[in-house]
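One letter stands for each residue in the lines below.
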Amino acid sequence: MESPLRNLPDAILFLNSDNQIIGINPAGENLLKVTQTDLIGKSVDTVFPRRESSVYRKEILADGLEEASLSLSDGQTLYAELTISTINGLDGKYLGQIVIIRESARSYQHEMNLKQEESLQTQNLILRALQETTYDLHSSLDLKIVFQNIVERACQLLKTPHGYLDILVDEEDELVPMVSTGILEDTLGERVKRGDGISGTVWETGEPLVIPNYDQWSGRSVGFRYGVIRAIVGMPLFLKDKVVGVLGVAHGFDNELEFSEEDVSILKRFADLAVIALQNAQLFEKAQAEIEFRRNTEIKLRNANQLLQWQIERVEMLQEQLQDLAVRDPLTGLYNRRYLQEALELEFAYPNRSEKPMAILMLDSDHLKDINDKYGHKAGDDFLVHIAKVTRKRIRAGDIACRYGGDEFVVLLDNVTENIAVERAEKLRKNIASHHIVHRNEKVSISVSIGIAMFPAHGLSGEVLLQKADQALYNAKRMGKNRVWVYQENQQIT
């Protein structure tokens, strides 16, 4: 007859007097994860060879309810409540023990604590890796370095050294390997077409893809060697609803681990960071291009402004030259008759003009006709230029010298008395006469006659003063030339 103890829901061990296991019920096999064949005839210390076994032995050698931690064959720890009963014969001789083992609530809690602790450690590792990668995004503009760190950290979390990151090149419609680590380094430089291998398939479908055994996968890349990788996962990088790359990791061929949903979720987070890095790089490149465009535009605008400014200055200079040409005598460089007339109008337009005296000197060459006849008009021009040159040197900054016409010159001396005007006219005449010009190896003497009219003594307008100065000049000529003559009323030399 079968013992009713064997059908109890708790685990039951039967021990003899030598502390050897002589039986176990089915519930005990399930709880302790062993079979009856594994236990029969063996000591408890042999079945549970841990430091707890001595405690366990001590506990099972005494009657009563105890707690024990048992190391199971799969490496896990079972926390159990033990009910130990001694079996004696009719003669009182010790025959063995019956041990009832019931899983303690502590065992479940311990298992949950371990799982929570492991989960927290994993989450901390993930957060730290994500934080470090996020820092890279803000501290480095080198896209290759950021991608390298993303792949390496993803591989570290997923417990594999083999990872890759491919980026789409729009112009060529191909994926270009940016980073390859571990046994995948051989693929660096090999471009991927749409639908080719795991990267090409993920690019084409836009979906994450997990391959448990790459060698047996029908979509494997034809050029990829067999016996290199086993499990592999690829995650698309999306930017504005478009696949712009693929991030993936793989286990080596000798590694039978598979990628879980949690692994895929972790990889997705790194894929999102890779997209941010790519977007940052594109924004930076766009910003750089815009800055360069603005810089070039500013340079062009600055150059255009400089050119415009130069052109404006050129126009203003030409205008000044034109204005100067309009009032300058082209031969002598002195002001012309038009300028003289305008200057006289301005002088006599001043309200206080009558308070300041002014002299008008009219000069005329004494021998210009003879020079032209004998040496030609070129010599006559040189003669006039010489008179103008000496006159310009001998007048003050505020005085005005003009070529009045032909061989006649007019000088306006502002704010001078008659005596000073005569004195300065004499110095001018003598300076002109002290020079000569050489023409055809001959020295040609130069002299002028000068007539003077004074404001206000001889007239109150420019026109009248010019007439009086001309009359004085006429008298100087009549008196023998090469002299200065001041206008005198009712004086006519015959």
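Residues numbered from 1 in each chain as written. Predicted model: local features only at pLDDT ≥ 70, side-chain atom pairs only at ≥ 80, totals over all residues. Heavy atoms only, no water.

(A) Expanded view of the pattern of salt bridges. Enumeration over the complete set of coordinates arrives at 20 salt bridges. The salt bridge partner of Asp-382 is Lys-378, with a shortest N-O separation of 3.0 Å. Taken together, the positions of Asp-382 and Lys-378, both in helix 11 (residues 377-394) and 4 residues apart, correspond to about one turn of that helix. Take Lys-378: its relative accessible area is 53%, and that puts it in the exposed class. Each of Glu-174, Arg-191 and Lys-193 takes part in a single network of salt bridges with overlapping partners. (Salt bridge = Lys/Arg side-chain N within 4 Å of Asp/Glu carboxyl O. Helix = DSSP H or I, 4+ residues; strand = E, 2+ residues; numbered from the N terminus. Buried < 20%, exposed > 50% of the residue type's maximum accessible area, 1.4 Å probe, protein only.)

(B) Seen up close, the pairing of strand 1 (residues 11-16). Counting buried residues along strand 1, 6 of its 6 residues qualify, which places the element largely inside the surrounding structure. Burial of strand 1 is two-sided: the residues Ala-11, Leu-13 and Leu-15 facing one way and the residues Ile-12, Phe-14 and Asn-16 facing the other way are all buried. Of the pairings in the sheet, the one linking strand 1 to strand 5 (residues 94-103) comprises 6 bridges and is antiparallel in character. Bridge pairing in strand 5 places Ile-12 opposite Ile-100. When strand 1 meets strand 2 (residues 21-24), the two strands line up antiparallel, connected through 3 bridges. By the bridge assignment for strand 2, Leu-15 is matched with Ile-21. In this structure, the hairpin formed by strand 1 and strand 2 is closed by a connection of 4 residues, where Asn-19 is found at a positive phi of approximately 65°. (Pairing = 2+ DSSP bridges.)

(C) Molecular detail of helix 7 (residues 197-205). Of all the 9 residues making up helix 7, 7 are buried; the element is thus mostly covered by neighbouring parts of the structure. Where helix 7 is concerned, the buried positions are Gly-197, Ile-198, Ser-199, Gly-200, Thr-201, Val-202 and Trp-203. A positive backbone phi angle near 75° is found at Gly-206, which sits one or two residues after helix 7.

(D) Examining the side chain of Arg-429 more closely. Topologically, Arg-429 is positioned in helix 12 (residues 418-433). A polar contact is formed between the side chain of Arg-429 and the side chain of Asn-482, at a distance of 3.0 Å. The residues touching Arg-429, leaving out its near neighbours within four places in the chain, are Val-448, Ile-450, Asn-482, Arg-483 and Val-484. (Polar contact = N/O pair within 3.5 Å; in protein donor to acceptor, adjacent residues only side chain to side chain. Contact = heavy atoms within 4.5 Å.)

(E) Seen up close, the nonpolar core. Within the largest apolar cluster, 32 residues are counted, with the highest numbers of intra-cluster contacts made by Ala-359, Leu-361, Leu-363, Ile-432, Ile-450 and Ile-452. Every element with two or more residues in this core is listed here: strand 11 (358-365), helix 10 (368-375), helix 11, strand 13 (408-414), helix 12, strand 16 (448-455) and strand 17 (484-486). Considering every element that reaches this core, the biggest residue donor is helix 11, with 6 residues. Apart from the residues within four sequence positions on either side, Leu-363 is in contact with Thr-391, Asp-407, Glu-408, Phe-409, Val-411, Leu-428, Ile-432, Val-448, Ser-449, Ile-450 and Leu-473. (Core = buried A, V, L, I, M, F, W, Y, C linked by side-chain atoms within 4.5 Å.)

(F) Representation of the packing of aromatic side chains. Inspection of the entire model under this criterion finds 4 aromatic pairs. Each ring, one from Tyr-214 and one from Trp-217, has its centre 5.8 Å from the other, and the planes form 45°; the classification is tilted. Note on Tyr-214: relative accessible area 4%, which makes it buried. In this structure Trp-217 comes out as buried when scored by relative accessible area, which is 17%. Summarising the aromatic geometry, the rings of Tyr-214 and Phe-224 are spaced 5.7 Å apart at their centres and angled 85° between planes, so their arrangement reads as edge-to-face. With Tyr-214 in the loop between strand 8 (209-211) and strand 9 (229-238) and Phe-224 in the loop between strand 8 and strand 9, this residue pair connects regions lying 10 residues apart in the sequence. One aromatic cluster is present, formed by Tyr-214, Trp-217 and Phe-224 through successive ring pairs. The positively charged end of Arg-220 is found above the aromatic ring belonging to Tyr-226, 3.7 Å away from the centroid. Cation over ring: Arg-230 sits above Phe-253, and NZ or CZ is 4.5 Å from the ring centre. (Phe/Tyr/Trp six-rings, centres within 6.5 Å; stacked < 30°, edge-to-face > 60°. Lys NZ or Arg CZ within 6 Å of the ring centre and 35° of its normal.)

These figures come from the coordinates and say nothing about function on their own.
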